[in-house]
Amino acid sequence: MNVNITLKQLEALYWIAELGTFERAAAKLYTTQSAISKRVQELERGSQIEVFDRRLRGAQLTARGEELFDVARQILRLHDQISDIQQDVVNRPRTLRIGVTELTAITWFPQLISAIKDKFENVHISPKVDMAKALFHDLEQSQLDLILIPETFVLPEFTSKPLATVQNHWMAKTGLIDVDKPIRHRDLARFPVFVQGHASGSGLFLNKWLKDRGVVFDETLVCDSMTALLGLTVAGLGVAYLPYEYCQDLETSGKLEVIATEDPLPPIPYVAMYRSDRPNAFIQEVAELAKLHCDFGRSHQI
């Protein structure tokens, strides 16, 4: 039997299965839904395999379709590796879609961008600053190549390269709270408490830690912007957990002080995260640069 299957057909199969719909696959591949449907039809005709079970709703693979999907993933992985080799040889333009959270954006991200441009010629960097939960979703949908976030979300097909840890402390305007001796976390409930929400990786990490210890605050203000929480805290409107290394200058200047607690808050691990089911040497090298230049003590806003 003469089988005629193209890379575009396998690419359509892969992204339909990965993203769940023909429409999302078409958007990912910058084409139309009808073009994607045609590629699948040609793939089924050429392989004589019914790839999708049309009795079910959505893009559900058949048993043989699953087998073909595994082959498609391997072929596309090899194609990416060949493309990486070609790029190294002919210096073709590269595109890096990178996502970072607010703390990274206002500290060491500019140094990382400079390092990437110094190491790789002809690279176009497309950055996105958002909450960790949104960035993780974009990586899952293959809308980003690399994200730098707190290690709160995991998937088996993702690689997480450790970068550094961020130590948060409870902080308040100097003189707002008696800090002669360490207090319990729950005692902070006497004051308005500012916390980050569930879209924030740091917020998820620390709020879960507090909840596991039975710490519940009567009055909280939830805000996903760390910069906004910092401003409210400096204004003396309440207490908040804040990244100490970034806020240390405010303590030195007397605008903020650390509220010592009997049980210190845990350090938050940050990682460079990328998809490992489609290896890319360029993305792995950028992750290495991120580890090298990660420095949450850099301040460009204060």
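Summary of the structure given here. (Residues numbered from 1 in each chain as written. Predicted model: local features only at pLDDT ≥ 70, side-chain atom pairs only at ≥ 80, totals over all residues. Heavy atoms only, no water.)

### Comments concerning the layout of surface pockets
Applicable threshold: For cavity detection a 1 Å grid was placed over the protein atoms alone, and a set of points counts as a cavity when a 1.4 Å probe fits there but cannot get out; an open set counts as a pocket when protein lies on both sides within 12 Å along at least five of seven lines, with lining residues being those that have an atom within 4 Å of a point. Grid points are joined across faces, edges and corners, and a volume is the space filled by probe spheres set on the points. Only DSSP runs of H or I covering at least 4 residues are called helices, and only runs of E covering at least 2 are called strands; the numbering of each starts at the N terminus.
Its volume calculated, the second largest pocket comes out at about 270 Å³. Elements with a minimum of two residues in the lining of the second largest pocket: α8 (201-212) and β7 (220-222). Per-element tally for the lining of the second largest pocket: the top contributor is α8, with 4 residues.

### Describing the pattern of salt bridges
Cut-off, in case you're wondering: We count a salt bridge whenever a side-chain nitrogen from Lys or Arg sits within 4 Å of a carboxyl oxygen from Asp or Glu. The cut-offs for exposure are 20% and 50% of the maximum accessible area for each residue type, with area from a 1.4 Å probe on protein chains only; residues under the lower value are buried, those over the upper are exposed, and the others partly exposed.
Within this structure, the stated rule accounts for 10 salt bridges. The residue K128 makes a salt bridge to D138 at a minimum N-O spacing of 2.5 Å. One end of the pair, K128, is in strand β2 (residues 123-129); the other, D138, is in helix α7 (residues 132-140), and 10 residues separate them in sequence. Assessed through its relative accessible area of 31%, K128 is described here as partly exposed. In this structure, D187 engages R184 in a salt bridge whose closest nitrogen and oxygen atoms are separated by 3.2 Å. Classification of D187 by relative accessible area gives partly exposed; the value is 22%. Through salt bridges with shared partners, a single network forms among K128, D130 and D138.

### Some points on the nonpolar core
Proteins that are soluble and globular tend to have nonpolar side chains buried together. As a reminder of what qualifies: Grouping buried Ala, Val, Leu, Ile, Met, Phe, Trp, Tyr and Cys residues that are joined through side-chain atoms within 4.5 Å yields what is termed a nonpolar core. Should any heavy atoms of two residues lie within 4.5 Å, those residues are considered in contact.
One finds I98, L112, I116, L146, L148 and W170 to be the most contacted residues of the largest nonpolar core, which totals 59 residues. The element contributing the most residues to this core is helix α11 (residues 281-293), with 6 residues. Discounting chain neighbours no more than four positions away, the residues touching I98 are F109, L112, I125, S126, P127, K128, L144, L146 and L148. A12, L13, I36 and V40 belong to the second largest nonpolar core, which has 22 residues in total.

### So, the packing of helix α9 (residues 226-234) against helix α10 (residues 244-252)
Under the convention used in this document: With axes taken as lines fitted to C-alpha atoms, and helix axes fitted only over the stretch in contact, angles between N-to-C directions fall between 0 and 180 degrees. Angles below 35 degrees are treated as roughly parallel, those above 145 as roughly antiparallel, those between 65 and 115 as roughly perpendicular, and all remaining angles as oblique. Helix crossings fall into two classes, left-handed where the near helix is turned counterclockwise from the far one by less than a right angle and right-handed where it is turned clockwise. By the convention adopted, Pro, Cys, Tyr, Trp, Phe, Met, Ile, Leu, Val and Ala count as nonpolar, Lys, Arg, Asp and Glu as charged, and the other residues, Gly among them, as polar.
Interhelical geometry of α9 versus α10 gives an angle of 25 degrees and a closest axis separation of 13 Å. Between α9 and α10, the crossing angle belongs to the class labelled roughly parallel. At the point where α9 passes α10, the crossing takes the right-handed sense. Only Y246, C247 and L250 of α10 make contact with α9, whose side of the interface consists of M226, L230 and V234. Tallied by class, residues from the contact of α9 with α10 come to 6 nonpolar, no polar and no charged.

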